[in-house]
Amino acid sequence: IATNVRVDSRSGQVILRISAPAYDCSACSYKNGLAQVELSITSKADSTVRARTTYTFYRAPRVTSVRFSTPGNTIEMTFDSDTNTPASSAASCQGVVDPELAILQDILGTSPSCFWISARILVMLLGQTASVLPGSACPALKADAIRSLNNLSPAVLPSSTSAVQVLAPLILVSPSPISIKGPSQIDPCSDLALVVSLSSPRAASYTWGCSNHGGFDGYLKTQIDNSIVLPEGTSVMSEYQEYKITVFATDFLGAQSKTLELVLAKMSSAAPEISFVGLPSYTRGQLLLIRGEAQFSKCPVPKTEIKFVWTQESILPTTAVHIPTNTFVASPQLAIARNTLSADSTYLVKLRVEMGGDPSKTSSKSFQINVVSSPLQLYISGSSNRKESENNDFVLSAVLVDPDAVSAEAAMVGVTFSWACSYLVGGLPYECRHRTTNSVLEFGRTSSITVPKLSLAASDTLLYSITVIASKGKRQASNGAKVSVVSGPIPKVDIQSHSFSRRNSDGVAKVNRFDRLIFSGISSSSALSWSISPAEMLADSATLARVAPFGLNSSSFILDASQAGQGGFSAGQQYTVKLMAIEGSQVGQAEMIFVVNRPPTSGQCVACVGSLNSCSKNGRALLDTVRMSCTKWADEDQPLRYRIGTRTSSGEEMWFDTTLDSFMDLQLQSGSISMTAQIIDSLGAASDIQSDTVIIRPATFRRR
């Protein structure tokens, strides 16, 4: 119904203002959030007087899925159409999620953050104490916030997500790394502490057992925590024998870890106890550190000097490289340099601990070193996305990196490549066909291919996806480029960068928040223009000259994130660097994508005085043991390393060396002592410094 009719006196046009009806019937079809329908207007007085036009309806974006990421520390909310990506605070999700704090803290945990990685995907980084699980209802979205990309649609209603359930990760992987710390033997006077370390954003449950002693097995089956603590004498281990102890973890997503086995001998006479700190597996490119720890017996025997002796017991396969003999030094730590051992190999080393040369007081324990294959890395040289003219051939080159190979030549031995081209129409994939012969485009099985000119049809709407899979034995990696083909000539343009030494599992370059990135433009045109999206780094004119010291129009583009006013790149954000080359009215374009590494999240670090089963904040100087323990930390880039230290009330700080241990035991001087910790992933991204305070009073001694 026309609610307003006006005649323009100068042009004679009749202007109608009409309230559009709702377009939400079962047969109403939307594509990417919009529907175009024909609007016909007919005069009542003369039905031959008619006007027609196309009217566009915009529908509020709809949530199509909400799913945990593989590590379990984020959930990704996907919409069916591009959104206006309303901003949300780095310290909260209140810009996009229902701002009821009680609900937020219960579902998403304390201090969650939300950010967009594309116009359709919202990532929620969960905080500590998050309760959302697979099968939970989707968090309610904020009213009057999320709309279509052009802001013309209605807003997403908070209630619209109530029927959407949070799904488990697409790929459910075994929680890892998991390791167990404990002695290989105990004596009649020993207590026992076995501690399992697992990287998981939530508390896991543990299943313990003993395969060769029914009584001890029955006790272990009642334990579900990550530690087993027995008092001196270990009475539940009633025999002097070897005990084959097993344990595996089940995380909150339902995934089970591998089963660990610890062989623990209970001896009938006094001997030192040995335990190891090390990872269950390493890659060839990792620095391999194994630390042996020995404790004197608590039986009344003399405490003499301890000697450490390392040896290699076995190696599989026998053709693998042996551990260099100069590695086995008289030290509690075994250190093996990067790229020394063979991939896909297993080494067994033994540590023997001798007390003052007395063979009767000698202990030994073996540690299995598993060297696993590193994932292949594959990426397309140059631009991730590019625009090409239909009149020119263009070349795509795949670059394969095998971290286990001893040289670039060795990396290519046994590698095969498979290329394919496709495009989407209405969300459905189609194979690329030659524009004249209609035959499917096929490419050679080499690392580089040439796409001939006049083979792909020029289009303003189609985006061709050219993908490549590299195979080497049982390992595979894939990547690709997006190419738009236009009619007529355009300037050639490409982007190169040597700033990317790390890539994620999809082959996308991965950087840390404060990295300095250098890009080079290669073009037939001298008129160049650089940009980055999201553009918050370049929006501050006060810091632009420091963030981009070469400007936006030279052949080189430098991004110095450390100089940005907002404090570096946004963690977790995907950025696109674009280079445009201009010759008159012709514009060439290339893009390169990178993602910013997120530091470890979701965990906590707590300082406790006392045993594993209790937590006190008060202790005695140099007598009581204080344990700083960090748990529930998660990150894609394993293994995590832990840096633990202390800070006195006067501000004096001390940091210990970074280790793989998630806890540290210390005996402290008196005072108010803050135990500090920082968690670092394998790419170098570090969490904020964690702190917890204990009060240590002077110890008092009575005179005899």
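Residues numbered from 1 in each chain as written. Predicted model: local features only at pLDDT ≥ 70, side-chain atom pairs only at ≥ 80, totals over all residues. Heavy atoms only, no water.

**Some thoughts on the overall build of the protein**
Looking only at helices and strands, the protein has five helices and 46 strands in total. If one aligns the C-alpha atoms of the protein with their principal axes, the spans along those axes are about 115 × 60 × 55 Å. Residue pairs in contact within the protein that sit at least 24 positions apart in sequence constitute 63% of those at least 6 positions apart. Carbon and sulfur atoms provide 51% of the accessible area of the protein, an area that totals close to 35300 Å². (Helix = DSSP H or I, 4+ residues; strand = E, 2+ residues; numbered from the N terminus. Contact = heavy atoms within 4.5 Å. Areas by Shrake-Rupley, 256 points an atom, 1.4 Å probe, with all protein chains shown as cover.)

**Points about the pattern of salt bridges**
On inspection of all chains with the given rule, the structure shows 25 salt bridges. Among the salt bridges present, the one from Glu390 reaches Arg435, with a minimum N-O distance of 2.9 Å. A residue pair is termed long-range when its members are at least 10 positions apart, and Glu390 in the loop between β25 (385-389) and β26 (394-401) and Arg435 in the loop between β28 (428-431) and β29 (448-451) qualify at 45 residues. Glu390 sits in the buried class, given a relative accessible area of 13%. A relative accessible area of 38% means that Arg435 is categorised as partly exposed. In this structure, Glu636 and Lys510 form a salt bridge, with 3.2 Å as the shortest nitrogen-oxygen distance. With Glu636 in the loop between β41 (626-631) and β42 (641-648) and Lys510 in strand β33 (residues 509-511), this residue pair connects regions lying 126 residues apart in the sequence. Sharing partners across several salt bridges, the network here consists of Lys181, Arg291, Glu293 and Asp661. (Salt bridge = Lys/Arg side-chain N within 4 Å of Asp/Glu carboxyl O. Buried < 20%, exposed > 50% of the residue type's maximum accessible area, 1.4 Å probe, protein only.)

**Remarks on the packing of aromatic side chains**
Applying the stated rule across the entire model yields 19 aromatic pairs. Geometrically, the ring pair formed by Phe79 and Trp116 is tilted, given 5.8 Å between the ring centres and 35° between the ring planes. Here the residue Phe79 occupies a position in strand β6 (residues 74-79), and Trp116 occupies one in strand β7 (residues 113-116), the gap between them amounting to 37 residues. Exposure class is identical for Phe79 and Trp116. Each is buried. Judged by centre distance (5.5 Å) and plane angle (15°), the rings of Tyr575 and Phe594 are stacked. (Phe/Tyr/Trp six-rings, centres within 6.5 Å; stacked < 30°, edge-to-face > 60°.)

**Here we look at the side chain of Lys472**
Mapped onto the secondary structure, Lys472 falls in strand β30 (residues 464-472). The exposure class assigned to Lys472 is buried, which follows from its relative accessible area of 14%. A polar atom in the side chain of Lys472 sits 3.1 Å from the backbone oxygen of Ala411. Setting aside residues up to four positions removed in sequence, Lys472 forms contacts with Leu376, Asp402, Ala410, Ala411, Val413, Gly414 and Val415. (Polar contact = N/O pair within 3.5 Å; in protein donor to acceptor, adjacent residues only side chain to side chain.)

**Section: the nonpolar core**
If you look at the biggest cluster of nonpolar residues, it comprises 27 residues, and the most contacted ones within it are Met77 and Met124. Of all elements in the fold, only β5 (63-68), β6, β7 and β8 (121-125) reach the threshold of two or more residues within this core. When residues no more than four places from it in sequence are discounted, the contact partners of Met124 are Asn73, Thr74, Ile75, Met77, Val97, Leu108, Ser113, Cys114, Pro139 and Leu141. (Core = buried A, V, L, I, M, F, W, Y, C linked by side-chain atoms within 4.5 Å.)

**Some details on the state of the cysteines**
On inspection of all chains with the given rule, the structure shows six disulfides. Residue Cys421 pairs covalently with Cys432 via a disulfide, S to S 2.0 Å. Disulfide Cys421-Cys432: torsion about the S-S bond near -65°, hence left-handed. With a gap of 11 residues between them, Cys421 in strand β27 (residues 415-425) and Cys432 in the loop between β28 and β29 connect regions that are remote in the sequence. An identical accessibility class is assigned to Cys421 and Cys432; each is buried. With its bonded cysteines labelled in order along the sequence, the protein shows the pairing 1-2, 3-4, 5-6, 7-8, 9-12, 10-11. (Disulfide = S-S within 2.5 Å.)

**A closer look at the sheet that holds strand β21 (residues 333-336)**
Across the sheet, three strands lie side by side as β17-β19-β21; this open sheet has antiparallel pairing. Because the sheet does not close on itself, it has two edges, and the strands there are β17 (273-277) and β21. Each adjacent strand pair in this sheet contributes to an overall mean axis angle of 15°, direction not counted. By the bridge criterion, four bridges tie strand β19 (residues 288-295) to β21 in an arrangement that is antiparallel. Bridged to Arg291 within β21 is Gln333. (Pairing = 2+ DSSP bridges. Axes fitted to C-alpha atoms, helices over the stretch in contact; angles between N-to-C directions.)

**Description of unusual backbone geometry**
Pro317 follows Leu316 through a cis peptide bond whose omega is -5°. With omega at 0°, the peptide bond leading from Gln638 into Pro639 counts as cis. With respect to the element layout, Pro639 can be found in the loop between β41 and β42. Located in the positive-phi region is Leu454, a residue other than glycine, with phi close to 60°. Relative to the assigned elements, Leu454 resides in the loop between β29 and β30.

**Quick look at the environment of Tyr379**
With respect to the helices and strands, the residue Tyr379 is situated in strand β24 (residues 377-380). Residues Tyr379 and Leu287 lie 92 residues apart in sequence; the distance between their C-alpha atoms is 25 Å. Setting aside its immediate chain neighbours within four residues, Tyr379 contacts Ser397, Ala398, Val399, Val401, Asn479, Arg503 and Gly507.

**Here we look at the sheet that holds strand β44 (residues 663-666)**
Overall, antiparallel pairing links the three strands, which are arranged β39-β41-β44 in an open sheet. Whereas interior strands pair on both sides, the edge strands pair on one side only; in this sheet they are β39 (604-609) and β44. Strand-to-strand twist of the sheet, defined as the mean angle between neighbouring strand axes without regard to direction, takes the value 15°. Where β39 lies against β41, six bridges are found, and the strand directions are antiparallel. Bridged to Ala607 within β41 is Met628.

**Examining the pairing of strand β34 (residues 516-523)**
Bridging between strand β32 (residues 493-497) and β34 involves five bridges; their strand directions are antiparallel. When the bridges of β34 are listed, Asp494 appears paired with Ile522. Pairing geometry for β34 and strand β36 (residues 556-560), over five bridges, is antiparallel. Counted as the bridge partner of Leu517 is Leu559 from β36.

**Regarding the side chain of Ser465**
Its location among the elements puts Ser465 in strand β30. A distance of 3.4 Å separates a polar atom in the side chain of Ser465 from a polar atom in the side chain of Lys482. Contact partners of Ser465, with chain neighbours within four places excluded, come to Ala420, Cys421, Ser422, Ala481 and Lys482.

**Focus on a nonpolar patch on the surface**
There is a patch of nonpolar side chains on the surface, built from Leu16, Ile18, Leu39, Ile41 and Tyr55 and spanning about 360 Å² of accessible area. Counting residues per element, the ones that place at least two in the nonpolar patch are β2 (14-18) and β3 (34-42). (Patch = residues over 30% accessible without salt bridge, like charges linked within 9 Å, V, L, I, M, F, W, Y side chains within 5 Å.)

**Here's the deal with the environment of Leu376**
Residue placement: Leu376 occurs in the loop between β23 (358-372) and β24. For the pair Leu376 and Leu538, spaced 162 residues apart in the sequence, the C-alpha separation amounts to 34 Å. Not counting chain neighbours up to four residues away, the residues in contact with Leu376 comprise Leu400, Val401, Asp402, Ala470, Lys472, Arg475, Gln476 and Ala477.

**Quick word on the confidence of the model for the protein**
Per-residue confidence for the protein gives a mean pLDDT of 89; residues scoring 70 or more make up 94%. No element of the protein has a lower mean pLDDT than strand β1 (residues 2-7), at 56, and none a higher one than strand β13 (residues 205-210), at 97. (pLDDT = per-residue confidence, 0-100.)

**Examining the environment of Ala203**
For Ala203, the location among the structural elements is in the loop between β12 (192-198) and β13. Along the backbone, Ala203 and Glu273 are 70 residues apart, and their C-alpha atoms lie at a distance of 29 Å.

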